[in-house]
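What the coordinates show
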Amino acid sequence: YQRRVREAVVSTQSTGSSQFAFTTFVSRINMFGKYTKVIYGTAAVAGLGGILLMANGSGNASKPFPKILSTHSLVAKHVTKDKWEKLSNIKTKTSGFTLEKAIACAVQFDDQHCGIYAGDGDSYKDFAAVFDPLIQEYHGISPNAKHTSDMDVSKIRGTINPLAPVHSVRIRVGRSFNGFGLSPGITREQRLELEKLMKNALESMEGNLKGNYYPLLGMDEKIRQQLVDDHFLFVSGDRNLKAAGMERDWPEGRGIFHNKDKTFLVWVNEEDQTRIISMQKGGDVREVFSRLARGIEAVRVSVNAASGKDFMLHEKYGYIHSCPTNLGTGMRASVHVDLPGWTRGESGGQTGITYDISNKHRLGYSEVQLVQCMIDGVNTLYKEDLELQKKHGL
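Keep in mind that what you see is a predicted model, and the values were worked out from it rather than measured.

**Focus: the overall build of the protein chain**
The helix and strand tally for the protein chain stands at 15 helices and eleven strands. Per-residue burial for the protein chain yields a buried fraction of 48% across its 394 residues. Within the protein chain, residue pairs in contact and separated by at least 24 positions form 70% of the contacts whose partners lie at least 6 positions apart. With the model as given, the accessible surface of the protein chain reaches about 19000 Å², and the carbon-plus-sulfur share is 52%.

**Considerations on the environment of Ile-353**
When you line up the elements, Ile-353 lands in the loop between helix H14 (340–346) and strand E11 (354–358). With 15 residues separating them along the chain, Ile-353 and Asp-338 place their C-alpha atoms 5.3 Å apart. In contact with Ile-353, other than residues within four places in its own chain, are Val-337, Asp-338, Leu-339, Pro-340 and Thr-343.

**Re the side chain of Asp-338**
The residue Asp-338 is located in strand E10 (residues 332–338) in this model. One buried charged residue, Asp-338, remains without a salt bridge, the closest side chain of opposite sign being Lys-281 at 11 Å. Polar contacts involving the side chain of Asp-338 include one to the side chain of His-167, which spans 2.8 Å. When near neighbours in sequence (up to four residues on either side) are disregarded, Asp-338 contacts Pro-165, His-167, Ile-353 and Thr-354.

**Re helix H15 (residues 367–391)**
The end-to-end C-alpha distance of H15, which contains 25 residues, comes to 36 Å, matching closely the 36 Å that a straight helix rising 1.5 Å per residue would cover. The set of residues buried in H15 consists of Glu-367, Val-368, Leu-370, Val-371, Gln-372, Met-374, Ile-375, Val-378, Tyr-382, Asp-385, Leu-388 and Gln-389. Downstream of H15 by a residue or two, Gly-393 has a phi angle that is positive, lying close to 70°.

**Comments concerning the packing of helix H10 (residues 188–202) against helix H13 (residues 285–307)**
At their nearest, the axes of H10 and H13 sit 9 Å apart, and the two run at 125° to each other. Considered as vectors, H10 and H13 are oriented oblique to each other. Seen from above, H10 lies across H13 with right-handed handedness. Where H10 abuts H13, its residues Leu-197, Met-198, Asn-200, Ala-201 and Leu-202 lie against Val-299, Ser-302, Val-303, Ala-306 and Ser-307.

**Let's talk about the pattern of salt bridges**
Applying the stated rule across the entire model yields 18 salt bridges. One salt bridge in this structure joins Lys-146 and Glu-315, with 3.4 Å as the shortest N-O distance. In this pair, Lys-146 sits in the loop between helix H9 (128–139) and strand E3 (166–175) while Glu-315 sits in the loop between strand E8 (313–314) and strand E9 (318–319), placing the two residues 169 residues apart along the sequence. The class for Lys-146 is exposed, based on a relative accessible area of 59%. Owing to a relative accessible area of 55%, Glu-315 belongs among the exposed residues under this scheme.

**A word on the nonpolar core**
Ile-171, Met-198, Leu-202, Met-331 and Val-371 are the most contacted members of the largest nonpolar core, which totals 46 residues. Elements with a minimum of two residues in this core: E3, H10, strand E6 (264–268), H13, E10, E11 and H15. Every residue in contact with Ile-171, bar those within four places of it in the chain, is listed here: Ile-276, Ile-277, Ser-278, Val-285, Val-288, Phe-289, Leu-292, Met-331, Arg-332, Ala-333 and Val-371. In terms of nonpolar packing, the next biggest core, distinct from the first, is built from 28 residues, Trp-84, Phe-97, Ile-103 and Ala-118 among them.

**So, the packing of aromatic side chains**
The tally for this structure, following the rule as stated, stands at eight aromatic pairs. When the centroid spacing of 6.2 Å and the interplanar angle of 85° are considered together, the rings of Phe-65 and Trp-84 count as edge-to-face. Of this pair, Phe-65 sits in the loop between strand E2 (53–55) and helix H4 (74–78) while Trp-84 sits in helix H5 (residues 81–87), and the two are 19 residues apart along the sequence. Here Trp-84 falls in the buried class, since its relative accessible area comes to 2%. Each ring, one from Phe-311 and one from Tyr-319, has its centre 6.2 Å from the other, and the planes form 85°; the classification is edge-to-face. The burial state of Phe-311 is the same as that of Tyr-319; both residues are buried.

**Quick word on the sheet that holds strand E7 (residues 274–281)**
Read across the sheet, seven strands follow the order E4-E5-E6-E7-E3-E10-E11 without closing on themselves; strand pairing throughout is antiparallel. A strand with exactly one partner marks an edge of an open sheet, and here the two such strands are strand E4 (211–215) and E11. Here the average twist between neighbouring strands, direction ignored, is 15°. One ladder, built from eight bridges, connects E3 with E7; its direction is antiparallel.

So, how was this worked out
- Residues numbered from 1 in each chain as written.
- Predicted model: local features only at pLDDT ≥ 70, side-chain atom pairs only at ≥ 80, totals over all residues.
- Heavy atoms only, no water.
- Helix = DSSP H or I, 4+ residues; strand = E, 2+ residues; numbered from the N terminus.
- Buried < 20%, exposed > 50% of the residue type's maximum accessible area, 1.4 Å probe, protein only.
- Contact = heavy atoms within 4.5 Å.
- Areas by Shrake-Rupley, 256 points an atom, 1.4 Å probe, with all protein chains shown as cover.
- Lys, Arg positive; Asp, Glu negative; His and termini not counted.
- Salt bridge = Lys/Arg side-chain N within 4 Å of Asp/Glu carboxyl O.
- Polar contact = N/O pair within 3.5 Å; in protein donor to acceptor, adjacent residues only side chain to side chain.
- Expected span 1.5 Å × (residues − 1).
- Axes fitted to C-alpha atoms, helices over the stretch in contact; angles between N-to-C directions.
- Parallel < 35°, antiparallel > 145°, perpendicular 65-115°, else oblique.
- Left-handed = near helix turned anticlockwise from the far one by under 90°.
- Core = buried A, V, L, I, M, F, W, Y, C linked by side-chain atoms within 4.5 Å.
- Phe/Tyr/Trp six-rings, centres within 6.5 Å; stacked < 30°, edge-to-face > 60°.
- Pairing = 2+ DSSP bridges.

Dropping the structure here:
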């Protein structure tokens, strides 16, 4: 490294004070032993003819600080110039991901709230100086918080009032396996290997989970149309996913699984490595949650038996996802319910009088707690809706 610094300095050297600057510069490097970082500022100090020397542990100059268009985003707040200089040249081990790739959405678009994605599990470690405070602020957790997962359906108290006009219940989670990049950073080879593992795992499902896997690449038109009609098919074109690198090699390595009853689905290699979904008509939340828990465990056991790989689970951040907003449970538990009283009083729901009620939190609460919150919330809203209907003469 000293040789490279000497060549850089000598190439801009003239005479006199610059020779002294060079000697002092090298002496300071020797004093530190194994060089980690030196930043020399102006020509007046270093005598280098206006050259600004900046280096990190690899001996490479840090990349220019990007212009972040989403000025009010969490990225704009937590990706400072100082952090950029320290982290911009780091490449993660699993997929070679960089901080520049991670913040692509906040750099390209001016409307991001969060604006950052992880390219692999390593990203949360290598870029912790950015991710940690950002995650703590978004999720409202303390620096020493720990996440607890709990999929025990027996702990759920009660259910949705059977008189409530519920259309359907849907609960989904994301899960990622170690050894593979997350969607923004996963390599083509990793994506194909993961799809193969998932295909084998899903096609080994038994009982009411048994079904078929449909790869997006080369999909039969009749199957594609049926998946569209069922509202199961995920498609390309989302600008955030494209900017974040999640649609590379599209549609290769992606696919959809569903059981015969169309109550259990798995998306493979979309925004997350896997999105696991349980749903059905009516308001039986317990049955939906129970089926989800069985499906998740069946996938985990099958992939683990075939490859030795398991879900990425972080002590503080729970189940690892590409978007830090989904860390923890990665769960969205939702109910579609008619609330005509609220519609009259609050000017409308999702479609007419139908509202989509779901949990807000992901991290810092267990799956059981979030499902319980959703059940209690729907029951409260239904009770209030009956009072509002009376008030408005409905």
